[in-house]
Every structure is written in structure tokens, then in C-alpha cells.
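This is what each chain is made of:
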Amino acid sequence: MNFLRGVMGGQSAGPQHTEAETIQKLCDRVASSTLLDDRRNAVRALKSLSKKYRLEVGIQAMEHLIHVLQTDRSDSEIIGYALDTLYNIISNEEEEEVEENSTRQSEDLGSQFTEIFIKQQENVTLLLSLLEEFDFHVRWPGVKLLTSLLKQLGPQVQQIILVSPMGVSRLMDLLADSREVIRNDGVLLLQALTRSNGAIQKIVAFENAFERLLDIISEEGNSDGGIVVEDCLILLQNLLKNNNSNQNFFKEGSYIQRMKPWFEVGDENSGWSAQKVTNLHLMLQLVRVLVSPTNPPGATSSCQKAMFQCGLLQQLCTILMATGVPADILTETINTVSEVIRGCQVNQDYFASVNAPSNPPRPAIVVLLMSMVNERQPFVLRCAVLYCFQCFLYKNQKGQGEIVSTLLPSTIDATGNSVSAGQLLCGGLFSTDSLSNWCAAVALAHALQENATQKEQLLRVQLATSIGNPPVSLLQQCTNILSQGDKIDRRGSKIQTRVGLLMLLCTWLSNCPIAVTHFLHNSANVPFLTGQIAENLGEEEQLVQGLCALLLGISIYFNDNSLESYMKEKLKQLIEKRIGKENFIEKLGFISKHELYSRASQKPQPNFPSPEYMIFDHEFTKLVKELEGVITKAIYKSSEEDKKEEEVKKTLEQHDNIVTHYKNMIREQDLQLEELRQQVSTLKCQNEQLQTAVTQQVSQIQQHKDQYNLLKIQLGKDNQHQGSYSEGAQMNGIQPEEIGRLREEIEELKRTQELLQSQLTEKDSMIENLKSSQTSGTNEQSSAIVSARDSEQVAELKQELATLKSQLNSQSVEITKLQTEKQELLQKTEVFAKSVEVQGETETIIATKTTDVEGRLSALLQETKELKVEEEDELESGDQEDEDDESEDPGKDLDHI
């Protein structure tokens, strides 16, 4: 153990033992010891020596360490020591600069040991299987070792992992580890794994890497996060850059929407730490990866639309107009906004509507152009603004028209309270700063790119050069400055201003015969161009000569021969006499042979290390490539060939006019057809609505008919069985039961009347009998028997009978009156059946009358009952008197006897 302590302490055990011998003994113990503790101690000792004696440990112990990984997997501690030792041998990052000879070949040692390790592919497969172990002492050193292998020999290790079953999936599990140190190192491992390997990038992306990485970035605080956010952003760039499949997967997975919180930096101007600047810079670069002009147009367009819809473009414009943003972040934001809006009409329209938070508010385009023509601004910022302006006008004829219109007389603000984009461009075009001249010329050329209408409109622009002098056209002013050359003292490159103006004039005159005529109308222009081309100037001026040759060639090729003195043939003769055709073509070739030409033709973004390199514009290189060949052919053509070509052109123009005429006719017919289709669709909708309404009305009418027929049937039945009154009553709310009850009461009254009549008849007969008995009696005694009381009773009975008769007569009159009212009600009911309009009134009348009849009938019934009672009492009293009379008569008779 003392020996091991000496080795671990970096001290020699004795003078007789060298480092190689010590390492050899430790390797023997690892290979031959049967006890696990001995092997573990030996591996731990090798680990402590591996940093200082990297070469010796690597040569002697690598095979034994690999054997330990294969045989001692049950002990996590010895596996961890073995992995750490291998990492120290292979990695170049943790070397200690103790001796010069140990660091001399440090970079080569790592790759050599890596090559030895991966020579047997099973070793990498073994390492991948060890990463499945959850034990921290195994997984973490395993992650570091595999990362080091990928850094040393990335392509070879990538290929082994790619063919290993579930190799990439095992590594993706590291992002889900709850221990942050393993998760963070797992991100670094995936960075090295996905570098420059499209197949692995696709597998990692489809293993849900985007979701996990975005979650980590969000958990760490987005742009305010630490180094972990930076590592995740670098990994996302590896997965997306130049990988169209992953870009499409990222867009379709709605991950673009999750990028918006990255750029919510807030209004505070503090807190821009170095790490935050780095994170935000990487985030902006990631946005640019998705909308890069080098991507397929369809993929770029869909990403641009998604960024507008989710509000990401709006968030970027907020940063663009914010104050206190660091210069490098502002520059990168401008470049990012440029590519987000490039060629996308919706995004370009939104950008045109953005205003800076100033008083009064100014359009963002104007504010940016003010920075571009301001020579005090940083060079990279001015380049970014130029790129932004170019992207805004790219395939945007609407935007081009808006920029040119700010220069036209009808739209210039006479008060001078606000400055327009066109005025800024003219100011930069004629300033004494050559870089401002170049930027303004290129920007104005982009406003004319592939837009013949705006080229003609720009010919109307007039400039007031000095007080008292007439205005000069913009075209003439450009040629005037061009002809002055180096006479004006400018800051910057000597040729930059002239190159910018020549690029503007070439763009302006190409495909615009009217502009060519205006240019040739100035008699000084052609002699200036021929003089420039014919001179033998230095190498620096050769580029200007080439551009002058291009401009003269454009004036020949797009010449419509409207000026007799500068027709095509005369210009070609002039070139042949003063310059020579071969010399002219040679000077024309100077443009495409220039080293800066090929650099500018690669990417649309003007990316220059310094202002001296700012010579060519990307779009202009396309124009040169397009026109160089046709101008060469035009110079060598004879007059007869020109005539034939002119005839062919005229024929083609006629055909084009005919085709255009028919296209316009077809377009108009298409518009008419579209209008008719819309009218037909509208009429169809109206017809369907009317049909629906008619159907509803027909069904309602049918329902009314059915109800009417049903009422007719009900009325007919009531007339047959119950009479018209019951029908009217029922229709007016009187139920058949009430009508029956009324009839019964009327019948009962009739029976009561008949009974009273019979009782009156009986009384009358009794009175007649009494009268006859009184008048027929001749006996004086019988007359004497009749007392005064009897005569009074008879008189009372007569009076009561007379009263009863009068009551009965009045009741008879009342009954007759009721029957008359009943008849009237029946007639009114019949009228109601014929006219429904008076239904409510009839119902009210019938209900009122019925109520009156019922009241009167009730009163009559009561009176009849009372009469019955009185009559019965009278009858009983009369019978009693008769009996008394009869009882008294025999006595009297007896007395008389």
C-alpha cells in the first residue's frame, strides 16, 4: 500500500523503479489479480498517473482497461475508474503542461489513441451499452469518453454509432436524465455526434430532440439562461442547418411558435450580460437558418409565413426599433428581419407599416436608411441596413413603386417637415462619402430591379442643383457626377462612387429603351464612355472601364433607333473606329474576371470585411452574367443581321402584341365569367331561400286548409246533432255539457209551469164547486152557518190565486223572451260561422247573453220554488178548512134535526 500511495502522489517509489516499470506493474496487477479490490486499486492508481504520463499509460494499459470494461461490469466503481483513465488518455483538454516533451505531440496522441480504441468496433458498442447504466460513476465518465472520441475522429465514430442497434436512441436518453451535469454533457455529446452528418441529424430529430431541447431552453430562462442554453442552441443549429427534412419537421411540429418567447427582451436596457448577448445572437442565427435564401423557396416561404402568423416577426421588429440594444445584436436582428421578409409579400407589407417610436413617428425604413447614409455608423450596421432594404424590395413591385413615388414631384412634402426614403437615397447618392454613394446607388438600383414601370417613372425625377439654375433630371445628374470622376474630393475608395453609379445606370437602362433614349439624348455621354474604354489605365481603373463597356453595350442592345445620330449601327461603327471590337470585348470581360465579382455572386447578403471590398452587388452579378453574352453577339453582328433581327423582333413583337391582346381578352372574359359565376351562385342561393320560403308557405296554407276543413266538418256535425246554437256556443267557448244543462233547466221550468197550471185548474174547480154549493143551498140554516170568517178566507184565496196567475203570466212572458233571445243567439252563431273576423265580438256577446240567461233562469227557478211552497201551503190550508167545514156541517145538521 505504501507503494501505491507513492504512485498516486506522483512520486517515484524508489530510484530503481522508472515510471514505465510502475505502470507495467499496475497493468500486471489489473490483468492477474483475482481479488476485485486489488484490481480496483490498480485501476485507480493508473487513473492518477494517466494525466501526467498519458503516453505510457495509453500504450501499456489501454488493452487491460478495455478488458476491465468487459469483465467487471458488476462493479460500478472500477468501471468508473477505467472510463476516467481512458478519457484522460484520449482527451486533449485536461493536459497539464509540466514537461515540454509530454505536450509536444498532444494533439496527435488523442487521435492515435482514439484510432486504437475504435479499431475494434465492439469497444464503441460496449461503451454505448455502459451508458445505459444509471449509476452516476459509470454514466458520466462514459459520456465524456464518447464525446472525446467524437471530437478526435468524428466521422469514423459517427459511422460506428449509426450502424449500432439503438445507438442514437441510447444517447438521446441522456437529455432526460434528472442530473443536470449528465444532461448538459449529453447535449455536448449530441453536438459532436450530429456535426456534419445528415443521417444522424434526422434520427436525432425524430427522437423528439426538438421538444426536449426547447423545454431545456425554456427551463433555463430562454435568452437569460446560461451556458446550457448556448449549448442547446448550437445543437439545434447542427440539426437544422442545411437539412431540409429537419427544417420541414421543425416547422410542421409548430416549434417555430415556441421561438417567440426567446425575443421578449423587455423594455429595460439593463441586463445585457455577455452570455445573454451570445444566446440572443445564436437565437437570431437559428431563425436565419430556417429562412436562409439558400433553402428551397417553398420551405423558406412557409417558414416566413409561420413566423408572421405567430408574431415572431413583430417581436423582431420590436427589438429593431428598441433603444439600448447592443450594436452586434442590433446588426444581427436587422439581418434576421431581412431574411424573414425577403420575397414574402405579407411580411414585406407588414415591415412597411412598422414605425419607429419617435415623435412624430417615422417609418422603420426611413430610420434604417438614415443609418445607412450616415458615415458615423459602424460599417457592419450600414451593410445590414442595405441588405434589409434589398430584401424589402426583392420581388416586391408594390414596395418599389412606393420608394420611387417618394421622389416624384407630386408626392414630395413641400413643407419639409418629414424626410422620405427617396430623399435619403438621393442625399446619399450625391454626398462626399464614397461608401454612402455606393450604398445609395445599389439601393436605388434594387428599386428598379425587373420593374420597367419604375424605370420609366424615375425618368421624371427632377433635382434642383443650385439656386437660379434649372432643375436637372436624376439620370443626367448621375452621368454628370460620373463624368467628373476624381475631381470631387471624396472620403473612401477612389472607384467606389463610380462603380456604384455605373451599376445603377446599367440596371436602369437594361430592358428599358426609353431610358436608353434619354441617356443617349445627352450628347456628352457616349464620348465619355468611349474615352474611358479606349484609355490604357492602371489595374484599379480596369473595373471602371469594364462597367463603361457594359453600359455602352446596353445602350446598343436595347436601342430602339429612335435617335438618328445614335442608332445601333452608328454606335457599333464608333466602337470599331475608336476602341476596336476585340478591345471592347476584352474590357467587358474585366467585370466577371474580377476576384470580388465571384465573391459577391455567392450570397445575396453584402458581407464585406472592410469598405474597400464593397464593389459588386449580388443582383448586379446576375445582370452581368445575363447581358455579357448577348452584348458580345450584338457587337459582332453585321447591319444585315441587325435588320433581320429587327424584323424578327418586330414580328415577335407583333406576335407578342397579338398574344397579349388575346391574353387580355381571355383575362377579361375570365373576369366576366367569374362575375357571372358569382351572380349565378348568388341567384342560386336566393332561389334556394325563396324555394324554402315557398315550401314553408305552402305547408302553412295546407295546415290552414286542414284546419278550415276540420272546422267545417265539426260545424256540420254540430248542426246535425245539436243545432246551430250548440255549434256556435262550442266555437265560442261554451261546452256542450252547459248547453244540455240549460235545456234541462228549461224543460224543468216547462214541467213546473204545467204543474202550476193543473193546480190552478183544480183550485178553480174547487172554487166553482163551493160557489155552486153556496148558490144552490135554499136552506136558511145553511146560509146562516157560513160565517163571515169563511167569506174572508175565500176572498183571500181568490186574491192569492189572482196573484199566482199574474206571476205565472209574467213567467210565461219571461220564458218567451228567453226563447226569443235564444233564437237571436243562434242566428248570431250562424253569422260567426260564416265570418271569422267578428269571432272575438261574437264570443263576448254570446258569453254575456248566456250569463244573463243563466242568471234569469236561476232567479225564475228560485221564484218558482217559492211559488210551489206557497201554493202547497195554500193547498194544505184550503184542505184543512174544507175538513173543518165538513166537520162543522154534521153538527149543525144534527142541531137542526
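See the structure printed just above.
Within every chain, residues take consecutive numbers counted from 1 along the sequence as written. With pLDDT at 70 or above as the cut-off, local features in this predicted model cover only qualifying residues; side-chain atom pairs require 80 or more to be listed or tallied, and sums for whole chains, interfaces and linings still use all residues. Water and hydrogen atoms play no part in the side-chain values, which are based on all heavy atoms of the structure.

Novice: Which residues make up the overall build of the protein, and what values go with them?
Specialist: On a plain count of helices and strands, the protein comes out with 43 helices and four strands. Contacts: residue pairs with any heavy atoms within 4.5 Å of one another. Of the contacts formed within the protein by residues at least 6 apart in sequence, a portion of 71% connects residues at least 24 apart. All accessible-area figures derive from a Shrake-Rupley calculation using a 1.4 Å probe, and residue coverage is judged against the displayed protein chains alone. A total accessible area of about 46900 Å² is found for the protein, and carbon and sulfur atoms account for 50% of it. For the purposes of this entry, the term helix denotes a DSSP run of H or I that reaches at least four residues, the term strand denotes a run of E that reaches at least two, and both are numbered from the N terminus.

Novice: So what's going on with the pattern of salt bridges? Residues and values would help.
Specialist: In the sections that follow, a salt bridge refers to a side-chain nitrogen of Lys or Arg positioned within 4 Å of a carboxyl oxygen of Asp or Glu. Using the criterion set out here, one finds 21 salt bridges in the structure. Notably, a salt bridge pairs glutamate 133 with arginine 73, separated by 3.6 Å at the nearest N-O pair. Of the two residues, glutamate 133 is situated in the loop between helix 8 (121-130) and helix 9 (136-152) and arginine 73 in the loop between helix 4 (54-71) and helix 5 (76-90); the sequence distance between them amounts to 60 residues. Three exposure classes are used, based on accessible area relative to the maximum for each residue type with a 1.4 Å probe and protein chains only: buried under 20%, partly exposed in between, and exposed over 50%. Judged by its relative accessible area of 32%, glutamate 133 is partly exposed. We note a salt bridge from arginine 288 to glutamate 339, for which the minimum N-O separation is 3.0 Å. Here arginine 288 is found in helix 17 (residues 274-290), whereas its partner glutamate 339 is found in helix 20 (residues 327-341), with 51 residues between them in sequence.

Novice: Pulling in residues and values, what's your account of the environment of cysteine 391?
Specialist: With respect to the secondary-structure elements, cysteine 391 resides in helix 23 (residues 379-393). For the pair cysteine 391 and isoleucine 341, spaced 50 residues apart in the sequence, the C-alpha separation amounts to 6.6 Å. Here cysteine 391 is in contact with Ser338, Glu339, Ile341, Arg342, Gly343 and Gln348, once residues within four sequence places are set aside.

Novice: Which residues make up the environment of glutamine 304, and what are the values?
Specialist: In this structure, glutamine 304 sits in helix 18 (residues 297-309). We classify glutamine 304 as buried; its relative accessible area is 2%. Along the chain, glutamine 304 and cysteine 344 lie 40 residues apart, while their C-alpha atoms are 7.1 Å from each other. Here glutamine 304 is in contact with Val291, Glu339, Val340, Ile341, Arg342, Cys344 and Asn347, once residues within four sequence places are set aside. By the criterion applied in these results, polar contacts are pairs of N or O atoms within 3.5 Å in which, for protein atoms, one can donate a hydrogen and the other can accept it, and in which residues neighboring in sequence qualify only through two side-chain atoms. In this structure the side chain of glutamine 304 is engaged in a polar contact, spanning 3.3 Å, whose partner is the backbone oxygen of valine 340.

Novice: Outline the packing of aromatic side chains, listing residues and values.
Specialist: Side-chain rings of Phe, Tyr and Trp (the six-membered ring for Trp) are treated as a pair once their centres are within 6.5 Å; stacked means planes under 30 degrees apart, edge-to-face means over 60, and tilted covers the remaining angles. If you walk through the whole model with that rule in mind, you get twelve aromatic pairs. Taken together, Phe206, Phe210, Phe249, Phe250 and Tyr255 form an aromatic cluster joined through their ring pairs.

Novice: Hey, could you go over unusual backbone geometry for me, with residue numbers and the actual values?
Specialist: Proline 360 follows asparagine 359 through a cis peptide bond whose omega is -5°. A positive phi angle, near 60°, is found at serine 254, a position not held by glycine. Summarising the element assignment, serine 254 is placed in the loop between helix 16 (244-252) and helix 17. On the basis of relative accessibility, which here comes to 39%, the residue serine 254 falls in the partly exposed class. With a phi angle near 55°, glutamate 450 is a residue other than glycine that sits in the positive phi range. Here glutamate 450 shows up in the loop between helix 26 (434-446) and helix 27 (452-458).

Novice: Which residues make up the side chain of arginine 382, and what values do they have?
Specialist: Secondary-structure assignment places arginine 382 in helix 23. Here arginine 382 is in contact with Ser371, Met372, Val373, Asn374, Glu375, Gln377, Asp433, Leu435 and Ser436, once residues within four sequence places are set aside.

Novice: Got a sec to walk through the state of the cysteines? Specific residues and values, please.
Specialist: Here, two cysteine sulfur atoms that lie within 2.5 Å of each other are counted as a disulfide. As enumerated under the stated definition, the model contains zero disulfides in all. No disulfide involves cysteine 426; its sulfur sits 7.9 Å from the nearest other cysteine sulfur, which is in cysteine 478.

Novice: Describe helix 29 (residues 496-509), with residues and values.
Specialist: Working rule for helices: expected span equals 1.5 Å times residues minus one. The first and last C-alpha atoms of helix 29 sit 20 Å apart over 14 residues, in line with the 20 Å expected at 1.5 Å per residue. Backbone geometry just downstream of helix 29 places asparagine 511 in the positive-phi region, at approximately 60°.

Novice: Before we move on, could you go through helix 4 and cite the residues and values that matter?
Specialist: With 18 residues, helix 4 should reach 26 Å at 1.5 Å per residue; the first-to-last C-alpha distance of 24 Å fits that figure. Among the residues of helix 4, Arg54, Val57, Gly58, Ala61, Met62, Leu65, Ile66, Val68 and Leu69 are the ones counted as buried.

Novice: Tell me about a nonpolar patch on the surface, and please be specific about residues and values.
Specialist: Nonpolar side chains collect at one region of the surface, where Ile658, Tyr662, Met665 and Ile666 lie side by side and expose about 380 Å² of accessible area between them. Positionally, tyrosine 662 belongs in helix 38 (residues 639-721). Patch members must show over 30% relative accessible area and no salt bridge, and they are joined within 9 Å when carrying like charges or within 5 Å when they are nonpolar side chains of Val, Leu, Ile, Met, Phe, Trp or Tyr.

Novice: Break down the side chain of aspartate 185 for me, citing the residues and quoting the values.
Specialist: Here aspartate 185 shows up in helix 12 (residues 180-194). A polar contact of 2.5 Å, which involves the side chain of aspartate 185, links it to the side chain of tryptophan 140.

Novice: Explain the packing of helix 32 (residues 539-557) against helix 37 (residues 618-636) to me, using residue names and the numbers behind them.
Specialist: Contact geometry of helix 32 with helix 37 gives a least axis separation of 9 Å together with a crossing angle of 60°. Regarding helix 32 and helix 37, the two cross each other, and that crossing is left-handed. Contact residues: Leu547, Leu550, Gly553, Ile554, Ile556 and Tyr557 in helix 32; Phe620, Val624, Leu627, Val630, Ile631, Ala634 and Ile635 in helix 37. The residue inventory of the contact of helix 32 with helix 37, partitioned by class, reads twelve nonpolar, one polar and no charged. Note on definitions: angles span 0 to 180 degrees between N-to-C directions of axes, and those axes are lines fitted to C-alpha atoms, for helices only across the stretch in contact. For a crossing to be left-handed, the near helix must be turned anticlockwise from the far one by less than a right angle; the clockwise case is right-handed. Just so you know the grouping, Ala, Val, Leu, Ile, Met, Phe, Trp, Tyr, Cys and Pro go in nonpolar, Asp, Glu, Lys and Arg go in charged, and all remaining residues, Gly too, go in polar.

Novice: Could you give an account of the packing of helix 13 (residues 198-206) against helix 16, naming the residues involved and the relevant values?
Specialist: Remark: helix 13 packs on helix 16, axes separated minimally by 9 Å, with the N-to-C direction vectors making an angle of 15°. The orientation of helix 13 with respect to helix 16, classified from their angle, is roughly parallel. Here helix 13 runs over helix 16; the crossing is left-handed. Here Gln201, Lys202, Ala205 and Phe206 of helix 13 lie close against helix 16, whose contacting residues are Ser245, Asn246 and Phe249. Here the residues of the contact of helix 13 with helix 16 are counted per class, giving three nonpolar, three polar and one charged. In these notes the angle categories are as follows: under 35 degrees is roughly parallel, over 145 is roughly antiparallel, 65 to 115 is roughly perpendicular, and the rest is oblique.

Novice: Any details on the environment of serine 129? Residues and values, ideally.
Specialist: Inspection of the secondary structure puts serine 129 in helix 8. Counting along the chain gives 38 residues from serine 129 to glycine 167, while the straight-line C-alpha distance between them is 8.6 Å. Apart from the residues within four sequence positions on either side, serine 129 is in contact with Arg73 and Arg170. Within the structure, the side chain of serine 129 is placed 2.6 Å from the backbone oxygen of leucine 126, a separation counted as a polar contact.

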